[in-house]
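Here is how the chains run, residue by residue.
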Amino acid sequence: MREQYRSEDFLESDLSPDPMDQFARWFGQVAAGGVLHEPNAMVVSTATPDGRPSSRTVLLKQYDDRGFVFFTNYGSRKGRELAANGHVSLLFPWHPMARQVIVTGTASRVSREETVGYFRTRPHGSQLGAWASDQSTVIGSREELIERYEELAARYPEGEKVPAPPDWGGFRVVPETIEFWQGHGNRLHDRLRYVRGGDAASGWRVERLCP
């Protein structure tokens with residue numbers, strides 16, 4: 001299986017001085033393109049302190065000049081691994097547009113106020129689901145999970161305030177590098193990577209990587 005990518009050159013002169021501005025530019029283009037069902041879907045890769053990696057897809061819920069935010073159960077595998085080893089990688093696989101964004105950085109919990117504020121915006125069913133699921137733990141059957149959910153639905157009917165679970169919340173990934181990958185024919189892709197530090201006034205330097 002092989003595809004010949006067709007796209008315009010992606011040059012240093014096209015970049016914003018700030019990588020988060022550049023991300024916003026690309027994210028806006030991908031979201032407006034209508035070819036991706038969930039453009040905010042990203043692969044989060046974590047590792048144990050001894051280097052055993054794991055990956056999963058989650059949804060980006062916020063980004064700004066402080067970094068990228070997603071929410072999860074802190075007792076999940078990724079939550080436990082990030083508590084022990086804060087180094088993390090994010091991958092936005094925008095394949096229909098022959099683009100990827102790869103982020104490396106460190107993750108830390110957002111404030112409880114931020115978590116509660118976001119939790120209030122979730123649909124009622126998703127709020128109940130956060131309570132019903134002890135994420136990443138073994139469960140005997142789907143019926144057991146549904147029973148937990150139905151018990152919660154009876155306790156907190158639609159329209160009643162559901163408290164945010166104490167072991168659920170957000171992580172903010174502060175980037176150290178952000179790579180913008182644009183596919184091209186003959187595998188001569190453009191890969192432009194921002195690296196934190198350097199002499200640039202923005203606090204970032206830009207490197208071009210071989211494809």
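Our subject is the structure that appears above.
This one's a predicted model, so the numbers in the text were calculated from it and none came from an experiment.

I would appreciate a short explanation of the overall build of the protein in the present structure.
If you tally the helices and strands in the protein, you get 5 helices and 9 strands. Helices (α) and strands (β) of the protein occur, in sequence order from the N terminus, as α-β-β-β-β-α-β-β-α-α-α-β-β-β. Per-residue burial over the protein gives 39% buried out of 211 residues. Within the protein, residue pairs in contact and separated by at least 24 positions form 63% of the contacts whose partners lie at least 6 positions apart. Approximately 11,700 Å² of the protein is accessible, and the part contributed by carbon and sulfur atoms is 50%. Across the protein, 26 positive and 28 negative side-chain charges occur, with their mean positions spaced 3 Å apart.

Teacher, can you tell me more about the side chain of Gln22 here?
By secondary structure assignment, the location of Gln22 is in helix H1 (residues 19–33). Overall, the relative accessible area of 1% leaves Gln22 in the buried class. In this structure, Gln22 is in contact with Phe10, Asp14, Leu15, Ser16, Phe180 and Tyr194, ignoring residues within four places of it in sequence.

How should the environment of Thr106 be read in this particular structure?
Tracing the sequence through the fold places Thr106 in strand E6 (residues 99–109). Measuring from C-alpha to C-alpha, the distance between Thr106 and Phe171 comes to 9.6 Å, with 65 residues separating the pair along the chain. Contact partners of Thr106, with chain neighbours within four places excluded, come to Gly86, His87, Val88, Arg172, Val173, Val174 and Glu176.

For this particular structure, what's the right way to read unusual backbone geometry?
Most of the time, phi is negative for any residue but glycine, and the peptide bond is trans. Positive phi values are uncommon outside glycine, yet Ala98 reaches one of about 55°. With respect to the secondary-structure elements, Ala98 resides in the loop between strand E5 (87–94) and E6. The class for Ala98 is buried, based on a relative accessible area of 9%. Although it is not a glycine, Ser136 adopts a positive phi angle of roughly 80°. One can find Ser136 in the loop between helix H4 (124–132) and helix H5 (142–155).

What counts and how
Residues numbered from 1 in each chain as written. Predicted model: local features only at pLDDT ≥ 70, side-chain atom pairs only at ≥ 80, totals over all residues. Heavy atoms only, no water. Helix = DSSP H or I, 4+ residues; strand = E, 2+ residues; numbered from the N terminus. Buried < 20%, exposed > 50% of the residue type's maximum accessible area, 1.4 Å probe, protein only. Contact = heavy atoms within 4.5 Å. Areas by Shrake-Rupley, 256 points an atom, 1.4 Å probe, with all protein chains shown as cover. Lys, Arg positive; Asp, Glu negative; His and termini not counted. Charge placed at Lys NZ, Arg CZ, Asp CG, Glu CD.

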